[in-house]
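A look at the structure
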Amino acid sequence: MGFLYDTCIAPCCLHRTLNEVREEVNRLQEENDKLKVQNERLEENTKKLKEVEGKLEEISILQGQNVDVLVEQVREFKSIQEQVKENLEAKVMQNLISVVFSADSDGDFKIDPEEVEGLKLRLKTIEGVDFSEENFEKALKSASKDGYDIQAFLDVMKNLFDEEVAEEDNIFTIKTEALMEKK
């Protein structure tokens, strides 16, 4: 019976086992096909991500350059603005000197007491300058009573650029911001 059993059952079992193996191979083939499709999608997504990464890197580089350019332009603007401010201050100083010399109506290079009122009126009208008549009067009291040398007035104007003079003691204050707005 052993031989009959082995020859009959064994082929049946072998056939069934073979069918099961075929089914498993087919199932694994389907799974392999699915994995292949997923792998292709992943490769495509990876390629797209690398493209996006490259573009982002380019943008980052360009933005870095744009920031550097912007910073340089701001520095250049500040430098130009400082030069404009210095030019405006020089123009105001020139106007002050011109006013002082024009106040000397008799041309003796002294501002006589009768010329002082005209000088003060002219100093009040200089655009871009705040004029403190009170501080001006204090400075005049320390000068001679019979006339004021033009050099004394020019020396008084130096307080414009003297950093050690307290703001409340200034005779003249240049308002460059106001002048720059008008330019």
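A brief structural summary. (Residues numbered from 1 in each chain as written. Predicted model: local features only at pLDDT ≥ 70, side-chain atom pairs only at ≥ 80, totals over all residues. Heavy atoms only, no water.)

1. Things to note about the environment of Glu117
Threshold: Helix and strand labels come from DSSP, where a helix needs a run of H or I of at least four residues and a strand needs a run of E of at least two; each type is numbered from the N terminus. Each residue is assigned to one of three classes by its accessible area relative to the maximum for its type, calculated with a 1.4 Å probe on protein chains only: buried under 20%, partly exposed between the two thresholds, exposed over 50%. Within 3.5 Å is the distance limit for a polar contact, defined as a pair of N or O atoms, with the added protein rule that one can donate a hydrogen and the other accept it, and that residues adjacent in sequence qualify only through two side-chain atoms.
By secondary structure assignment, the location of Glu117 is in helix α2 (residues 113-124). For Glu117, a relative accessible area of 47% translates into the label partly exposed. Residues Glu117 and Ala103 lie 14 residues apart in sequence; the distance between their C-alpha atoms is 9.1 Å. A polar contact of 2.9 Å, which involves the side chain of Glu117, links it to the side chain of Lys120.

2. Looking at the packing of aromatic side chains
Inclusion rule: Stacked, edge-to-face and tilted are the three classes for Phe, Tyr and Trp ring pairs, Trp counted by its six-membered ring, which pair at centre distances within 6.5 Å; planes under 30 degrees apart are stacked, over 60 edge-to-face, the rest tilted.
Counted under the stated rule, the structure contains three aromatic pairs. Ring plane angle 80° and centroid distance 6.3 Å describe the contact between Phe101 and Phe109, whose orientation is recorded as edge-to-face. Classification of Phe101 as partly exposed rests on a relative accessible area of 35%. Taken together through their ring pairs, the aromatic side chains of Phe131, Phe136 and Phe172 make up a single cluster.

3. A short note on unusual backbone geometry
Here the phi dihedral of Phe109 falls at roughly 60°; this positive angle occurs in a residue that is not glycine. Positionally, Phe109 belongs in the loop between α1 (2-103) and β1 (110-111). Owing to a relative accessible area of 52%, Phe109 belongs among the exposed residues under this scheme.

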